[in-house]
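# Observations on the three-dimensional arrangement
The residues making up each chain are set out below.
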Amino acid sequence: MTGREKTHRIRHHLPMVGWLWLLWILLWGSVGPVVLVGGLLVALAVVGTFSLPPVLPGAVPRPLAIGRLLIALLTDLIGSGTAVAWQVLRYGGKTSAAIVEVPLRVDSDLLITAVAEFTTIAPGTLVVEIDRRRQRLYVHTIPVHDEADIARRREAVQSVERRVARAVGTTRRRTGPPGDDGSGPPGDTGTGPSPDPDRGGSTP
Amino acid sequence: MTAVSDVATAVLLPAGAIFCLLGSVGLLRFPDIGSRLHAAAKAQTLGLLLILSGTAAQTPLRYAPVLLLVILFQLLTAPITSQIVGRTAYRVQALDRRKLFRDELADRLALDGTPVDAQPSSEDADR
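Only a predicted model underlies this, so the values are computations on that prediction, with no experimental measurement involved. (Residues numbered from 1 in each chain as written. Chains lettered and ligands numbered in written order. Predicted model: local features only at pLDDT ≥ 70, side-chain atom pairs only at ≥ 80, totals over all residues. Heavy atoms only, no water.)

### Focus on the overall build of chain B
For chain B, the helix and strand inventory stands at 5 helices and 1 strand. Of the regular secondary structure in chain B, the N- to C-terminal order runs α-α-α-β-α-α. Looking at chain B as a whole, 38% of its 127 residues are labelled buried. Across chain B, every contact between residues at least 6 apart in sequence was considered, and the portion connecting residues at least 24 apart equals 58%. Only carbon and sulfur atoms are counted for the fraction: they give 68% of the accessible area of chain B, which is about 6900 Å². (Helix = DSSP H or I, 4+ residues; strand = E, 2+ residues; numbered from the N terminus. Buried < 20%, exposed > 50% of the residue type's maximum accessible area, 1.4 Å probe, protein only. Contact = heavy atoms within 4.5 Å. Areas by Shrake-Rupley, 256 points an atom, 1.4 Å probe, with all protein chains shown as cover.)

Now the structure itself:
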């Protein structure tokens, strides 16, 4: 391994080391020198031993978009908690549901995972099946009474997807209308053609 | 300062308890697994989140981050669990598909030549 590759690898793993270190310090609840040094050593050892492949080559996290994503997550959670509670009280055993197919634009493991997670947290939608190859989510939604409900849910999931993609910066800003039905060209988003000079991504 | 955190706790803890209670009621009242997962995944998560936030306001500063970590990991894991349960329920036909308004997953599986009905009858799955 050349020196350049080595520094590249270390830089790639730096966020993970930092996160594990922070976790260690938080769990010990103190910042003594033993905890600090020990935590750093443990984090380096863990990352060195269980080396993960790059999950999202070429991604540039955008703090502002991530903050917006987190705020949306929180409001979604409160909204969905209240929505489910209302469902329980209002309809109870008579809730009607549907399973909706949602085509996605993003094409990376991490992004699809994130979209599925946020979708489950969002009000009234719950992912039951992920079709990774076709980039599709199958979402169980309540309540559904007519076709308009289904269309609205699909649009809601796709807006979640846009927020997630924006937060990690793997997609250009969408120029199309927000009501797009997700049938655009597949090369539009995703991680493929986004070379990033800063990280270099997955170049072996 | 203590007054503020006391008020926050006094609001957050009962609110969290109410959401947990409603989530449990949802588990009992909803007709099928799919809807029950909604109650478990959302109302319970929100309830736990509110209760932990309320508790974090009362604990000393060095312990509060640990509670926030619990919230973080709960947010990460709860959707995964419910997805696995939902997927399994669908595959073993524990999810009553006659009650669904529309089932596009079944349409897709039928297109692929692997309709769900080809699997064992639902009597087996109920057990």
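### As for the overall build of chain A
The number of helices and strands found in chain A is 5 helices and 3 strands. Along the chain direction, N to C, the helices and strands of chain A fall in the order α-α-α-β-α-β-β-α. Residues counted as buried form 42% of the 204 residues belonging to chain A. A separation of at least 24 residues holds for 66% of the contacts in chain A among residues at least 6 apart in sequence. When the accessible surface of chain A is summed, it comes to about 11000 Å², and 68% of that surface belongs to carbon and sulfur atoms.

### What to know about helix 3 (residues 63–90) of chain A
Between the first and last C-alpha of helix 3 of chain A there are 40 Å, a value that for 28 residues agrees with the 40 Å anticipated at 1.5 Å per step. Every buried residue of helix 3 of chain A is accounted for by Ala65, Leu69, Ala72, Leu73, Asp76, Leu77, Ser80, Gly81, Val84, Ala85, Gln87 and Val88 of chain A. The secondary structure elements touched by the buried residues of helix 3 of chain A are helix 4 (109–121) and helix 5 (147–168) of chain A together with helix 1 (2–29), helix 2 (33–56) and helix 3 (64–91) of chain B. (Expected span 1.5 Å × (residues − 1).)

### Quick look at the UniProt feature "transmembrane region" (unreviewed entry) in chain A
All names here are of chain A. Sites flagged by UniProt as "transmembrane region" (unreviewed entry) map to residues 21–46 and 66–89. From the first C-alpha to the last, residues 21–46 spans 11 Å; its make-up is 85% helix and 0% strand. The distance separating the terminal C-alpha atoms of residues 66–89 is 34 Å; by composition the span is 100% helix and 0% strand. (UniProt positions renumbered as here; feature names shortened; annotations may be inferred.)

### A few points about the nonpolar core
In terms of nonpolar packing, the biggest core is built from 39 residues, with Val102, Leu104, Val106, Leu137 and Val164 of chain A together with Leu75 of chain B touching the most fellow members. The contacts of Val164 of chain A, once residues within four sequence positions are left out, are Leu69, Leu111, Ala114, Val115 and Phe118 of chain A. Val84 of chain A together with Ala41, Tyr90 and Ala106 of chain B belong to the second-largest nonpolar core, a separate cluster that totals 19 residues. (Core = buried A, V, L, I, M, F, W, Y, C linked by side-chain atoms within 4.5 Å.)

### What to know about the sheet that holds strand 3 (residues 136–141) of chain A
Reading across the sheet, the 4 strands line up as 2(A)-3(A)-1(A)-1(B) and stay open at both edges, with mixed pairing between neighbours. Strands at the two margins of the open sheet, each flanked by one partner only, are strand 2 (125–131) of chain A together with strand 1 (100–103) of chain B. Along the sheet, successive strands turn relative to each other by an average axial angle of 25°, direction set aside. Here strand 2 of chain A pairs with strand 3 of chain A via 6 bridges, running antiparallel. Of the residues in strand 3 of chain A, the one forming a bridge with Val127 of chain A is Val139 of chain A. Sitting on the sheet, helix 2 of chain B is in contact with strand 2 and strand 3 of chain A, with an inclination near 110° to strand 2 of chain A. In the packing of helix 3 of chain B onto the sheet, the strands contacted are strand 1 (97–103) and strand 2 of chain A together with strand 1 of chain B, and the crossing angle to strand 2 of chain A comes to about 70°. (Pairing = 2+ DSSP bridges. Axes fitted to C-alpha atoms, helices over the stretch in contact; angles between N-to-C directions.)

### Description of the pairing of strand 2 of chain A
The buried fraction of strand 2 of chain A amounts to 6 of the 7 residues, a majority that puts the element mostly inside the structure. Hairpin connection of strand 2 of chain A to strand 3 of chain A: 4 residues between the antiparallel strands, including Gln135 of chain A at a positive phi of 55°.

### Some remarks on the packing of helix 3 of chain A against helix 5 of chain A
All names here are of chain A. The geometry of helix 3 relative to helix 5 is characterised by a closest axis approach of 8 Å and an angle of 150° between their N-to-C directions. Our classification of the angle between helix 3 and helix 5 gives roughly antiparallel. Judged by the twist between their axes, the crossing of helix 3 over helix 5 is left-handed. The segment helix 3 lies against helix 5, with Ala65, Ile66, Leu69, Ala72 and Asp76 engaging Arg163, Val164, Arg166 and Ala167. (Parallel < 35°, antiparallel > 145°, perpendicular 65-115°, else oblique. Left-handed = near helix turned anticlockwise from the far one by under 90°.)

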